[in-house]
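What the coordinates show
One letter stands for each residue in the lines below.
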Amino acid sequence: MSAHAQGNNANTSATSSDAGDSGTKGMPLVHAVNVMKSFHDVQVLKGIDMDVRKGQVICLLGPSGSGKTTFLRCINQLETIDGGRIWVDGELMGYEDRGGTLHRLNSKAIAAQRREIGMVFQRFNLFPHKTTLENIMEAPIQVKGEKKSEARDRALALLERVGLLDKPSAYPSQLSGGQQQRVAIARAMAMQPKLMLFDEPTSALDPELVGEVLAVMRELANDGTTMIVVTHEMSFAREVADHVVFMDGGVVVEQGDPKSVINNPQHARTKSFLSRMQAEPQAVEHVPASLEEAIIAVEIPRPGGELFIPVEHFPEEDE
């Protein structure tokens, strides 16, 4: 996997043949080349290259304003790129390449591409007037035209997967923040996406609820789901990610396997950011191995009646 800033030429010379085919062994599922994006006069992405292979979990780290969320939104065309190209599963996103010239796809074609990518946001964005089951069934029925019985069966299976099979008739207002985010994950998975994007999915949660969402994400990773995750949860990046990328100022500053980047950063900017993160309290120091472990953790009372989240400490491996 590679991800780095490259050049400032908005008209990248890459062609569609460079994208590869994720059906071919070893080729990337996501292939981004020289991606650029500006808002007014502020250049937010300054030429990002990134390859993500099928089944990989990539964590994007960095301070607010570094371009992480914008890059996610460019992948599924919630933002239009100003330069470069992005392929997902060999398909050029948002554009058609005609002899080396890009032509913007119409909204219907872009929506069809977007159906292949699931995204979980900081806020849950559930329909407040629909039950958990209805929230999960909505897109498969309305967007993909699935039969109601088929969508219902998958929705129930996903509710079981995220530990909420006992709440199919509950409305979002009746759920905790962690439960709502788990429904949001199930809703995204209901479309059977090739790729899952997570934009700081635990940042809006109370600390004691973070573990249950991270546990669901860990189980998705264990099942081979391809994921790009923007997060400040260092435990998830360290334990679950295959590769971490540190971004700052719209470029990739440093990247590598989690142990190398988090425990032994080479760039001064990376060191400064990680030092600050390590000084701040983390919601969990260890990602629960299962949802059951996470739920049990928040139910263990402290002496005096407070909740206690048990943390498992792991000794550092020898370098």
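Calculation notes
Counting restarts for each chain, with residues numbered from 1 along the sequence as it is written. Local features in this predicted model are restricted to residues of pLDDT 70 or higher, and side-chain atom pairs are both shown and tallied only at a pLDDT of 80 or more, whereas totals for entire chains, interfaces and linings draw on every residue. Where side-chain values are given, they derive from all heavy atoms of the structure, hydrogens and water being excluded. The helix count covers DSSP runs of H or I at least four residues long, the strand count covers runs of E at least two residues long, and both are numbered beginning at the N terminus. Each residue is placed in one exposure class: buried if its accessible area under a 1.4 Å probe, protein chains only, is under 20% of its type's maximum, exposed if it is over 50%, and partly exposed if it falls in between. Contact between two residues is taken to exist if any of their heavy atoms lie within 4.5 Å; hydrogens are not considered. Surface accessibility in these figures is a Shrake-Rupley result with a 1.4 Å probe; residues are shielded only by whichever protein chains are displayed. Two strands are said to pair when DSSP picks up at least two bridges between them. Where helices are involved, their axes are fitted lines through C-alpha atoms of the stretch in contact, as for all axes, and angles between N-to-C directions lie from 0 to 180°. Here a helix's expected span is defined as the number of its residues, less one, multiplied by 1.5 Å. Residue-level confidence of the predictor, termed pLDDT, takes values from 0 up to 100. Stacked, tilted and edge-to-face are the three classes assigned to paired rings of Phe, Tyr and Trp, where Trp is represented by its six-membered ring and a pair needs centres within 6.5 Å; plane angles under 30 degrees give stacked, over 60 edge-to-face, the rest tilted. Here, a charge over a ring is recorded when the distance from Lys NZ or Arg CZ to the ring centre is within 6 Å and its angle to the ring normal is within 35 degrees. When a carboxyl oxygen of Asp or Glu is within 4 Å of a side-chain nitrogen of Lys or Arg, the pair counts as a salt bridge. Only buried residues count toward a nonpolar core. Its members are Ala, Val, Leu, Ile, Met, Phe, Trp, Tyr and Cys residues joined through side-chain atoms within 4.5 Å.

Turning our eyes to something else, we now look at the overall build of the protein chain. Across its full length, the protein chain holds 10 helices and 13 strands. For the protein chain, with 319 residues in total, the buried portion stands at 49%. Look at the contacts in the protein chain between residues 6 or more apart in sequence, and 67% of them connect residues 24 or more apart. If you sum the accessible surface of the protein chain, you get close to 15000 Å²; carbon and sulfur atoms cover 48% of it.

Another aspect to go through is the sheet that holds strand E12 (residues 243-248). Spatial strand order, E9-E10-E11-E4-E12-E13: six strands in an open sheet with mixed pairing. Each edge of the sheet is formed by a strand with only one pairing partner; in this case those strands are strand E9 (117-120) and strand E13 (251-256). Going across the sheet, the axis of each strand differs from the next one's by a mean of 20°, ignoring polarity. Here four bridges tie strand E4 (residues 57-61) to E12, and the two strands are oriented parallel to one another. Note on E12: the bridge partner recorded for Ile58 is His243. Against the sheet, helix H1 (residues 68-75) engages E4, E9, strand E10 (195-199), strand E11 (227-230) and E12, with an angle of about 150° to E10. The strands touched by helix H6 (residues 207-222) are E4, E10 and E11; relative to E11, the strand with the most contacts, the crossing angle is about 150°.

Here H6 is 16 residues long and its end C-alpha atoms lie 24 Å apart, about the 22 Å a rise of 1.5 Å per residue gives. Among the 16 residues of H6, 12 are classified as buried, and the element is accordingly described as predominantly covered. The complete set of buried residues in H6 reads Leu209, Val210, Gly211, Glu212, Val213, Leu214, Ala215, Val216, Met217, Arg218, Leu220 and Ala221. Of the residues one or two after H6, Gly224 is the one with positive phi, at around 95°.

The next subject is the confidence of the model for the protein chain. Per-residue pLDDT for the protein chain has a mean of 87; in total, 85% of the residues score no lower than 70. Note that residues 1-24 has pLDDT below 50 and, in this model, 66 contacts with residues that lie over four places away or in other chains. Counting contacts from residues 305-319, a segment whose pLDDT is below 50, to residues more than four positions away or on other chains yields 25 contacts.

Take the packing of aromatic side chains next. Evaluated as defined, the whole model comprises one aromatic pair. Measuring from ring centre to ring centre gives 5.2 Å for Phe246 and Phe273, while their planes differ by 35°; the resulting arrangement is tilted. Remark: Phe273 occurs in helix H9 (residues 268-279) and Phe246 occurs in strand E12; sequence separation between them is 27 residues. By relative accessible area, Phe273 is classed as buried at 1%. A cation over a ring is seen here: Arg104 above Tyr95, with NZ or CZ 5.0 Å from the ring centre.

Our next topic: H1. Burial of H1 is extensive: six of the eight residues sit out of reach of the surface. At the C-terminal side of H1, Gln77 shows a positive phi close to 65°.

Under the defined criterion, the tally for this structure stands at 11 salt bridges. Note that Lys194 is salt-bridged to Asp89, the shortest N-O span being 2.6 Å. Linking Lys194 in the loop between helix H5 (177-189) and E10 with Asp89 in the loop between strand E5 (83-88) and strand E6 (91-92), this pair joins segments that are 105 residues apart in sequence. With relative accessibility at 36%, the residue Lys194 sits in the partly exposed group. A salt bridge links Arg182 to Glu212; the nearest nitrogen and oxygen atoms lie 2.9 Å apart. Within this pair, whereas Arg182 is found in helix H5, its partner Glu212 is found in helix H6, the two being separated by 30 residues in sequence. For Arg182, a relative accessible area of 3% gives the class buried. Looking at Glu212, the relative accessible area reads 5%, which means it is buried. Overlapping salt bridges, with partners in common, bring together Glu146, Glu150 and Arg154 in one network.

Turning to the side chain of Thr131, a few remarks are in order. Here Thr131 shows up in the loop between E9 and helix H3 (132-142). The contact partners of Thr131, leaving out residues within four places of it in the chain, are Pro168, Ser169, Ala170 and Tyr171.

One ladder, built from nine bridges, connects strand E2 (residues 28-39) with strand E3 (residues 42-53); its direction is antiparallel. Directly across from Lys37, in E3, lies its bridge partner Leu45.

This part takes up the nonpolar core. As a rule of thumb, nonpolar side chains are buried together in soluble globular proteins. Counting residues in each nonpolar core, the largest one holds 52 residues, and the members touching the most others are Ile136, Ile185, Phe198, Met217, Met227 and Phe236. It is H6 that provides the largest number of residues to this core, a total of eight residues. Apart from the residues lying within four places of it in its own chain, the contact partners of Met227 are Gln56, Val57, Ile58, Met196, Phe198, Met217, Leu220, Ala221 and Phe236.

The next subject is the environment of Met247. With respect to the secondary-structure elements, Met247 resides in strand E12. Given a relative accessible area of 0%, Met247 falls into the buried group. Not counting the four nearest positions on each side in its chain, Met247 is found in contact with Leu45, Ile48, Leu60, Leu61, Gly62, Pro63, Ser66, Gly67, Lys68, Val252 and Val253.

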